[in-house]
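# Descriptive structure summary
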Amino acid sequence: MTTPPGVSAGVSAGRSRRVRGRPLLYTSYAQDMALLDTRAKRIWTGLLVLLAFAVSVVLADRSLEVLAGAYVLAIGAIGLNIVTGYAGQVSLGHAFFVAIGAYTAAALSGPPGGENLGYGLAEIWIWLPAAGLVAAVAGVLVAPLATRLRGLYLAIVTLGLVFLGEHVFKEWKELTGGPGVGREAAIPQLFGYRLDQDGPLGTKEQVLYLLMLSLLVVFAVAARNLARSRVGRAFAAIRDRDIAAEVIGVPLTRYKVLAFGISSFYAGCAGGLLYCLSGYVEPGSFSLLLSVQFIAMVLIGGVATVSGAIAGALFISLLQPVTRALPALLPVISGDTTQTPNVFQVETVLYGLLIVLFLVFEPRGLFGLWVRARNYWKSWPFSY
């Protein structure tokens, strides 16, 4: 028995309408690999970005300064997520690469002939890529260790970079100014216009906020594109099982070096931008605590997700003003680093506690909590 042509066409049209109406049902590889693969993601991402830009005229300057710092830390956290979350290479030396970027930017933009090393290249389009490239070179030099070590052994080696960097930067006074003295940070200048000063575009906090937010969007989109590319799939294969990845033709050495290089580039750019907000950089800032903060951002936000790294950076950055207010609420906790307990010790304990709690109860971090909430409302009022 044959179906009439008109009926067949109607059935096909009905099926196509049903297919188009089904969420997450892809009909092409390009649709599956899209940057934002659903209409809801495109709408909500666009609204969040517009809201982030809009708050620059609503919030106070102090709040904008805190958020701008959070955006810069998010760039560094995305970099750490590339090597640790996507490529599976445990790194505790992120603060070392952040320091390299910070001092490269400060030296390039600093005035020549002063007390500290400077070349007078204050344009941000010069010193920002240079800070990332110098840090990337350092990451590539360290990366061969990743081909020989893994897990805890690699973590210990990268941890040693932090202590090595602390010693070098404290002793290299011509570059860093020395401990307790420091030097002027990189000057954010674009085509002769100082972005760290009040001007026709708004207060310096507003201008720097918009600059850091714009750069975060650029770095986040670049990382997301990297993750869905052939390189990102190779990183994931190495993370899941490096021996199996090598068997199917993934060159381990090349991609591990590439992961460290890209991660270090992000860290260097974050270091160059981080201290533009305060205008001052000091060798003691790049301690083990900074590496722990980046680890906390990645683990609390969500491993192997760009949005999770951003959420973790915002969470940690907004947590700091709360902990710094503890001495006024709890007289037992001191704001002086020479006394015990002080707010910095409380922060360190709190970071460790949060990492343990998230690893035990929600290994996917804040991103996992969002997925749970989204899936609940998708299936509501049903429980399955």
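Our subject is the structure listed above.
Heads up: these notes are all about the structure in this document. (Residues numbered from 1 in each chain as written. Predicted model: local features only at pLDDT ≥ 70, side-chain atom pairs only at ≥ 80, totals over all residues. Heavy atoms only, no water.)

## Notes on the overall build of the protein
As a reminder of what qualifies: Each helix is a run of H or I in the DSSP string that is no shorter than four residues. Each strand is a run of E no shorter than two, and both are numbered from the N terminus. Our radius of gyration is a C-alpha quantity, and the globule rule it is checked against amounts to 2.2 Å times the number of residues to the power 0.38. Exposure classes here rest on a 1.4 Å probe applied to the protein chains alone. A residue is buried below 20% of its type maximum, exposed above 50%, and partly exposed in between. Contacts: residue pairs with any heavy atoms within 4.5 Å of one another. The method behind every accessible area is Shrake-Rupley, applied with a 1.4 Å probe, and residues are considered shielded solely by the protein chains displayed. The sign given to each residue is positive for Lys and Arg and negative for Asp and Glu; His and the chain ends receive no count. Here the site of a charge means atom NZ of a Lys, CZ of an Arg, CG of an Asp or CD of a Glu.
Within the protein, the regular secondary structure consists of 18 helices and four strands. Taken over the C-alpha trace, the protein has a radius of gyration of 24 Å; the compact-globule value for 384 residues is 21 Å, and the two agree within 12%. The 384 residues of the protein split such that 45% are buried. Intrachain contacts of the protein at a sequence separation of at least 6 include 73% that bridge at least 24 residues. Counting only carbon and sulfur atoms, one obtains 67% of the accessible surface of the protein, whose full area is about 20,000 Å². Side chains of the protein carry 29 positive and 20 negative charges; the gap between the two charge centres is 20 Å.

## Focus: the environment of Leu366
Here Leu366 is to be found in helix α18 (residues 365–379). Sequence separation between Leu366 and Gly312 is 54 residues, and the spatial gap between their C-alpha atoms is 7.3 Å.

## So, helix α4 (residues 61–86)
Note the following rule: For a helix, the expected span equals 1.5 Å multiplied by the number of residues minus one. Bend at a residue means the angle formed by two fitted axes: the first through the 7 residues ending at that position, the second through the 7 residues beginning there.
Over its 26 residues, α4 runs 36 Å from end to end, which matches the ideal 38 Å to within 8%, given 1.5 Å per residue. At Leu80, α4 shows its maximal bend, which comes to roughly 30°. Burial runs high along α4: 21 of the 26 residues are buried. Just downstream of α4, Gly88 is the residue with a positive phi angle, here 75°.

## A few points about the environment of Leu195
Tracing the backbone through its elements, the reader meets Leu195 in the loop between β3 (193–194) and α10 (204–227). The class for Leu195 is buried, based on a relative accessible area of 7%. Note: C-alpha distance between Leu195 and Ser109 (86 residues apart in sequence) is 13 Å. Setting aside anything within four residues of it in sequence, one finds Leu195 in contact with Pro188, Leu190, Lys204, Val207, Leu208 and Leu211.

## Describing the pattern of salt bridges
Rules: Put simply, a salt bridge is a Lys or Arg side-chain nitrogen that is within 4 Å of an Asp or Glu carboxyl oxygen.
Taken as a whole and assessed by the stated rule, the structure comprises five salt bridges. Taking the shortest distance from any N to any O, the salt bridge between Arg62 and Glu65 comes out at 3.6 Å. Here Arg62 pairs with Glu65, and both are found in helix α4, just three residues apart, close to one helical turn. For Arg62, a relative accessible area of 56% gives the class exposed. Ionic pairing is found between Glu347 and Arg324, a salt bridge with its closest N-O pair at 2.7 Å. With Glu347 in helix α17 (residues 343–361) and Arg324 in helix α15 (residues 306–324), this residue pair connects regions lying 23 residues apart in the sequence. Residue class for Glu347 comes out buried when judged on its relative accessible area of 2%.

## Here's the deal with the environment of Gly192
For Gly192, the location among the structural elements is in the loop between β2 (189–190) and β3. Each C-alpha atom of the pair Gly192 and Trp172 lies 30 Å from the other, and the pair is 20 residues apart in sequence.

## A few points about the nonpolar core
To be explicit about the condition: Definition of nonpolar core: a set of buried residues of the types Ala, Val, Leu, Ile, Met, Phe, Trp, Tyr and Cys, connected through side-chain atoms within 4.5 Å.
Trp127, Tyr209, Met212, Leu273 and Phe286 are the most contacted members of the largest nonpolar core, which has 96 residues in total. The element contributing the most residues to this core is α4, with 14 residues.

## Looking at the packing of aromatic side chains
Condition: Here the aromatic set is Phe, Tyr and Trp, taking the six-membered ring for Trp, and pairing holds for ring centres within 6.5 Å; pairs whose planes are under 30 degrees apart are stacked, those over 60 apart are edge-to-face, and all others are tilted.
Scanning the entire structure with this criterion turns up eight aromatic pairs. Seen from their ring centres, Phe96 and Phe97 are 5.3 Å apart, and the 70° between their planes marks the pair as edge-to-face. Look at Tyr376 and Trp377: their rings are 5.3 Å apart centre to centre, the planes differ by 80°, and that puts the pair in the edge-to-face class. Judged by its relative accessible area of 46%, Tyr376 is partly exposed. Counting every residue linked through ring pairs, the aromatic cluster contains Tyr103, Phe169, Tyr275 and Phe286.

## Description of a nonpolar patch on the surface
Heads up, the condition is: Residues form patches when they are more than 30% accessible in relative terms and have no salt bridge. Like charges link within 9 Å. Nonpolar side chains (Val, Leu, Ile, Met, Phe, Trp, Tyr) link within 5 Å.
Taken together, Leu353, Val356, Leu357, Val360 and Phe361 make up a surface patch of nonpolar side chains, about 500 Å² in accessible area. Assignment of secondary structure puts Leu353 in helix α17. When its relative accessible area of 46% is taken as the criterion, Leu353 is described as partly exposed.

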